[in-house]
Amino acid sequence: MMMKAARIHDFDPDAKGPDYLRVEEVTEPEITRPDQALVRVGGAGVCRTDLHIVQGLWREVQQTELPYILGHENAGWVEEIGSAVEGVSPGDPVVIVPALGDGTCRACRRGEDNRCDNLVWQGIQIDGGYADYLVTKARNLVPLPEGMEPKAAAAYADAGLSSYHAAKRAAAELLPGDHAVVIGIGGLGHMGLQALSALCAAKIIAVDVSEEALAFAEELGADHLVQASDHTVEDVMTLTGGGAAVVLDFVAEHDVPQAAMAMLRTGGNYLVVGYGGELRTPTMAIMGQEKRITGNVGGTHDELIELLALAAEDTVRLHVREYALDDVNEALDDLSNGRIRGRGVLVPSATS
C-alpha cells in the first residue's frame, strides 16, 4: 500500500522556501515489533525545529539517513496494534509523545522519559507524522479526552508539552506576589503563559517585539506587557521592583539570553526553552547572586496527560491554523515569516 508523505531529501543551510520538502507517494509503514502501533495521522504540528532540520542545524544530533519524513507533533487514530499492546485499541484517538524512550534506563524508571539514555525523537531521527500513517511505540500513545479532535491536539505533543514542562517547573518555586517573565508569545510561549497562569498565582509579564503578540498575551491573561526594545530590562526591573523570580525564555536567540539573566532577582531562575543563541554571563554574577540556569526539553508522559486535562477544561487553549499536507511548504513558509498566530497543523488527506 502507498501513502502520501512530506520528506526532506537534502539539507540546505540557506533554505528560505518555498520548497522545503517534497510531497510524494511512499510505502505505508508496517508494524515490525509486538510493542508498536500503526496510527492514522489526524494532525501534525508545524514546528520551527522542522525549519532548523531543513537548514541542517540538527544534522550532528540526528545522524539520520535521507530522505525521511518530518513531523514530531502528531495525533490521530490507532489503526492497528502489535501483539503485545494493551491499553489502546483500533479506532482510539491518541496523541503521541515524540520522545521515544527505552523504558528501562534509570531516567525512564524515574518517570523522566524525556531524559532517556537512549532517546530517539520521532520525526527528527526517524520517520514522523507529515504523512497519512506512522508507526510508533504503543507506550508513547496518550488517549485524547472525550470530544478532542486529533488535529486540535497534535501540537500539544511537543510545543504544548515543552511549554507545560517549563511552566510546571517555574510554578513550583513561584509564590503569590512573585513576578515571572515570559519572553516570546509565539507557538510555544502562548501555551507556556496559559499553563503558568493555571499553575500559580504569580504576576506574569509578557515580553515580545510584536504589538500583535502582546495583545494576544493580554487576551491570554498576562498581567503586564513589555514591548521588546533597548529598554526591556529596565522596564522589567521597574515593574518587578528589583527583578523577576523566574524568566521563561521561548526565544533564546540574539541578545535575549543576556537580557533574560539581567531581569532576574537574586536567587532567580532562568528557564531556557528556545534555542539558537548563546549565553555569556559573568560567573561572579551567578555565584554571588545565586542565579540559576535551567534547560528544558520536551516533557514526560505524565505531564502530557496533565496538560490534556487542562486543555479539556479549556484552561489552556491551543490556537491552530490548519493546512492540507499538500500545502506543507506554504505552512513552513508562513511559520518562517511570522504569519502563523499560535500553531500551524497539517491535516493529511487520509483523515477525511
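To keep things clear, this report deals only with the structure shown in the data block. Just so it is clear, the structure is predicted and the values come from calculations on it, not from any experiment.

Parameters and conventions
Residues numbered from 1 in each chain as written. Predicted model: local features only at pLDDT ≥ 70, side-chain atom pairs only at ≥ 80, totals over all residues. Heavy atoms only, no water. Pairing = 2+ DSSP bridges. Helix = DSSP H or I, 4+ residues; strand = E, 2+ residues; numbered from the N terminus. Contact = heavy atoms within 4.5 Å. Buried < 20%, exposed > 50% of the residue type's maximum accessible area, 1.4 Å probe, protein only. Polar contact = N/O pair within 3.5 Å; in protein donor to acceptor, adjacent residues only side chain to side chain. Axes fitted to C-alpha atoms, helices over the stretch in contact; angles between N-to-C directions.

Moving on: the sheet that holds strand E1 (residues 2-8). Strand order in this open sheet of 3 strands is E2-E1-E4, and the pairing throughout is antiparallel. Looking at the sheet topology across the chains shown, the edges are occupied by strand E2 (22-27) and strand E4 (68-69).

So, about the environment of phenylalanine 250. Mapped onto the secondary structure, phenylalanine 250 falls in the loop between strand E14 (244-249) and helix H9 (256-263). Those residues in contact with phenylalanine 250 that lie beyond four places of it in its chain are Ser163, Val182, Ile183, Gly184, Leu188, Gly189, Gly192, Val273 and Gly274.

If you trace the backbone, threonine 240 turns up in helix H8 (residues 232-240). Classification of threonine 240 by relative accessible area gives buried; the value is 13%. One polar contact links the side chain of threonine 240 to the main-chain carbonyl oxygen of valine 236, over a distance of 2.8 Å. Here the side chain of threonine 240 touches glycine 243 through a polar contact of 2.7 Å, landing on its backbone nitrogen. Those residues in contact with threonine 240 that lie beyond four places of it in its chain are His179 and Ile205.

Most of E14 sits inside the fold, with 6 of its 6 residues counted as buried. The pairing of strand E11 (residues 179-183) with E14 spans 4 bridges and is classified as parallel. If you follow alanine 180 over to E14, its bridge partner there is valine 246.

What the 6 strands build is an open sheet, ordered E13-E12-E11-E14-E15-E16; its pairing is parallel. What marks the edges here is a single partner per strand, and that holds for strand E13 (224-227) and strand E16 (292-295). In this sheet, adjacent strand axes meet at a mean angle of 20° when their direction is disregarded. With 4 bridges joining them, strand E12 (residues 203-208) and E13 adopt parallel strand pairing. Pairing of alanine 206 across the sheet is with leucine 225, part of E13. Running at roughly 165° to E13, H8 makes contact with E11, E12, E13 and E14 of the sheet.

Coordinates in, geometry out; function isn't part of it.
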